[in-house]
Amino acid sequence: VAYNPWGSPGGEAEPWRYGGDPSSGQPRAFSQSSPWAWVDVSQLQAAVLLHPVAVQCQEAQVVVTVHRDLFGTGRLVKAAELTLGSAACLPAVWSAAETVVTFMAGLHECGSTLRVTPDALVYSTSLNYEPVPAGNPVIIRTSPAVVPIECHYPRRDNVSSNAVKPTWVPFRSTLFSEEKLPFSLRLMNDDWSAERVSTIFQLGEVLHFQAGVNTENHVPLRLFVDNCVATLTPDRSSSPQYAFIDFSGCLVDGQLDDATSTFISPRPRQDVLQFAVDAFKFVGDSSNVIYITCHLKASLADQAPDPLNKACSFNKASNLWAPVEGTRDICSCCEMKSCGLARHSRRLHAPSQWQGGRARRELPSQLDPLVEEADVVVGPLLIHSWQDHPVRKMSSRG
């Protein structure tokens, strides 16, 4: 994503959004549903055909490339006078001999801010130029400048396969296994009647997830959630992480004293599985953001549930594990935290392909040819604590 290199050199520079690769020098058809950058160069008043700043909104970071001829006058600014964001992050790549400076920062780094609109998640930062007086301190030969930068990630629409691809799709992620079975994971409202509009939660609220697989033109299938991991980034192998479903379908979060997490029984349909999880956030994290990656799989509906294909919740009243369907003994491995040849190693790897802005991982089952499976991602979810919102306190003086 970069500035328009074909804009008129005269007059004030306008904010520009662009769906091409700045290294190619050629524009690419812009799609409203593509991730894109908004950059305002009006303070630079550059007189060059090619604007001096290029921005790429990548899956979990923003890359800003700056030509040191910032104002198009032939005078190169010093790399040390350029910073990114309110935290004044320094360039990641630069040298005195180079004419280009590169910044690389995570979407939540360098003091960037996030705002949620009906259509997009918008990460805002800025390129800052702060010249150091040289020679006579009474005069200056250049002025400070701020270049506002925004990365827009669509919340609902598909992303063109020709565009830059984020590693997450807000609200839901739909994936296809090798046989093109579409798996989905959605956040639902409290009564499960519709998909939830907001991804902002308070601690104390409950997250309602609905996993599904489209069985149209396919033999009847039963869906299972093999495991779910929460992380601070879209990379499920990142640290810290918290597995709240594990061991091929054990909702282990429900064992905690402060949790009521459970699978919903009975299912609405065999190809749908619902589960509720108490909202949580990572200790010491100030971003309030989490991503959820779940490994979904579907087996033939007439195949009896077993220790590798099950949905088990912990019942605190009886102190026992209970399945959504099947005999109770299939859940006994949840207590032992070992459920046979489970596919735990897969949760350590991010999806291998991204197609149309949606994570795609082809996972033909090595253990059971009758089982289809895929990873899905939901996020970012914003989890606030009550301390994040000041509350007016009544005076205690009588």
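Rules of the game
Residues numbered from 1 in each chain as written. Predicted model: local features only at pLDDT ≥ 70, side-chain atom pairs only at ≥ 80, totals over all residues. Heavy atoms only, no water. Buried < 20%, exposed > 50% of the residue type's maximum accessible area, 1.4 Å probe, protein only. Helix = DSSP H or I, 4+ residues; strand = E, 2+ residues; numbered from the N terminus. Pairing = 2+ DSSP bridges. Axes fitted to C-alpha atoms, helices over the stretch in contact; angles between N-to-C directions. Contact = heavy atoms within 4.5 Å. Disulfide = S-S within 2.5 Å. Salt bridge = Lys/Arg side-chain N within 4 Å of Asp/Glu carboxyl O. Core = buried A, V, L, I, M, F, W, Y, C linked by side-chain atoms within 4.5 Å. Phe/Tyr/Trp six-rings, centres within 6.5 Å; stacked < 30°, edge-to-face > 60°. Lys NZ or Arg CZ within 6 Å of the ring centre and 35° of its normal. Polar contact = N/O pair within 3.5 Å; in protein donor to acceptor, adjacent residues only side chain to side chain.

A. Molecular detail of the pairing of strand β16 (residues 272–278). Within β16, seven of the seven residues are buried, which leaves it mostly tucked inside the rest of the structure. Going residue by residue along β16, you find Val 272, Gln 274, Ala 276 and Asp 278 tucked away on one face and Leu 273, Phe 275 and Val 277 tucked away on the opposite face as well. As judged from the seven bridges shared by strand β12 (residues 206–213) and β16, these two strands associate in the antiparallel manner. Paired with Leu 207 across the two strands is Val 277, which belongs to β16. Bridging between strand β15 (residues 262–263) and β16 involves two bridges; their strand directions are antiparallel. Bridge assignment links Phe 263 to a residue of β16, and that residue is Phe 275.

B. Structural detail: the sheet that holds strand β14 (residues 241–245). Spatially, the five strands line up as an open sheet ordered β11-β22-β17-β13-β14, and their pairing is mixed. Only two strands of the sheet have a single neighbouring strand rather than two, namely β11 (200–202) and β14. Ignoring which end each strand starts from, the neighbouring axes of this sheet average 35 degrees apart. Relative to strand β22 (residues 372–384), β11 is paired through three bridges, and the arrangement is parallel. Note on β22: the bridge partner recorded for Phe 201 is Ile 383.

C. Focus on the side chain of Asp 253. Among the structural elements, Asp 253 can be located in the loop between β14 and β15. Setting aside residues up to four positions removed in sequence, Asp 253 forms contacts with Tyr 242, Phe 244, Ala 259, Ser 261 and Val 277.

D. Summary view of the pairing of strand β10 (residues 182–188). Buried residues dominate β10, accounting for six of its seven residues. Across six bridges, β10 lies against β12 in antiparallel orientation. Pairing of Leu 187 across the sheet is with Phe 209, part of β12.

E. Structural detail: the state of the cysteines. Taken as a whole, this structure holds six disulfides when the rule is applied. Residue Cys 57 pairs covalently with Cys 151 via a disulfide, S to S 2.1 Å. Taking the torsion about the S-S bond as the criterion, the Cys 57 to Cys 151 disulfide, at about -90 degrees, is left-handed. With Cys 57 in strand β2 (residues 53–57) and Cys 151 in strand β8 (residues 145–154), this pair connects stretches of sequence that are 94 residues apart. In terms of burial, Cys 57 and Cys 151 fall into one category: buried. What connects to what in the chain, once the bonded cysteines are numbered by sequence position, is 1-4, 2-3, 5-7, 6-11, 8-9, 10-12.

F. The pattern of salt bridges, seen in detail. A full pass over the atoms with the stated rule returns six salt bridges. When the shortest N-O distance is used, the salt bridge between Arg 267 and Glu 325 registers 2.8 Å. Taken together, the residues span a long stretch of sequence, with Arg 267 in the loop between β15 and β16 and Glu 325 in the loop between β19 (320–323) and α1 (332–336) at a distance of 58 residues. Under the relative-accessibility criterion, Arg 267 is labelled buried at 10%. With relative accessibility at 17%, the residue Glu 325 sits in the buried group.

G. Focus on the nonpolar core. By size, the foremost hydrophobic cluster in this structure holds 35 residues, and its most contacted members are Val 225, Phe 244, Phe 263, Phe 275 and Cys 294. Residue assignment for this core shows that the elements contributing at least two residues are β10, β12, β13 (221–231), β14, β16, β17 (289–300) and β22. Counting residues in each nonpolar core, the second largest holds 32 residues, with Val 62, Phe 71, Leu 107 and Cys 110 among its members.

H. Molecular detail of the packing of aromatic side chains. Scanning the model with the defined rule gives seven aromatic pairs in all. Aromatic side chains Tyr 123 and Tyr 153 sit 6.0 Å apart centroid to centroid with 85 degrees between the ring planes, which places their arrangement in the edge-to-face category. Taken together, the residues span a long stretch of sequence, with Tyr 123 in strand β7 (residues 120–129) and Tyr 153 in strand β8 at a distance of 30 residues. Of the two residues examined, Tyr 123 and Tyr 153, each falls in the buried class. Ring geometry for Phe 263 versus Phe 275: centroids 5.8 Å apart, planes at 65 degrees, classification edge-to-face. Taken together, the positions of Phe 263 in strand β15 and Phe 275 in strand β16 put the pair 12 residues apart, joining distant regions of the chain. Exposure class is identical for Phe 263 and Phe 275. Each is buried. Taken together through their ring pairs, the aromatic side chains of Phe 209, Tyr 242, Phe 244, Phe 263, Phe 275 and Phe 280 make up a single cluster. Directly above the aromatic system of Phe 224 lies the positively charged group of Arg 267, at a separation of 5.2 Å from the ring centroid.

I. Summary view of the sheet that holds β2. Ordered by their spatial adjacency, three strands build an open sheet running β2-β3-β5, and the pairing between neighbours is antiparallel. Among the strands making up the open sheet, the edge pair consists of β2 and β5 (100–106). Taken pair by pair, the neighbouring strands of this sheet meet at an average axis angle of 15 degrees, ignoring direction. In this structure, strand β3 (residues 61–67) lies alongside β5, joined through seven bridges in antiparallel fashion. Across the sheet, the residue bridging to His 67 is Val 100, located in β5.

J. Spatial organisation of the environment of Pro 323. Considering the arrangement of structural elements, one finds Pro 323 in strand β19. If we skip the residues at most four places from it in the chain, Pro 323 touches Ala 311, Cys 312, Arg 328, Ile 330 and Cys 331.

K. Molecular detail of the side chain of Asn 128. Relative to the helices and strands, Asn 128 resides in strand β7. Since its relative accessible area comes to 12%, Asn 128 is described here as buried. At 3.0 Å, the side chain of Asn 128 forms a polar contact with the backbone oxygen of Gly 85. Each residue touching Asn 128, except ones within four places of it in the same chain, is listed here: Glu 81, Leu 82, Thr 83, Leu 84, Gly 85, Ala 145 and Val 146.

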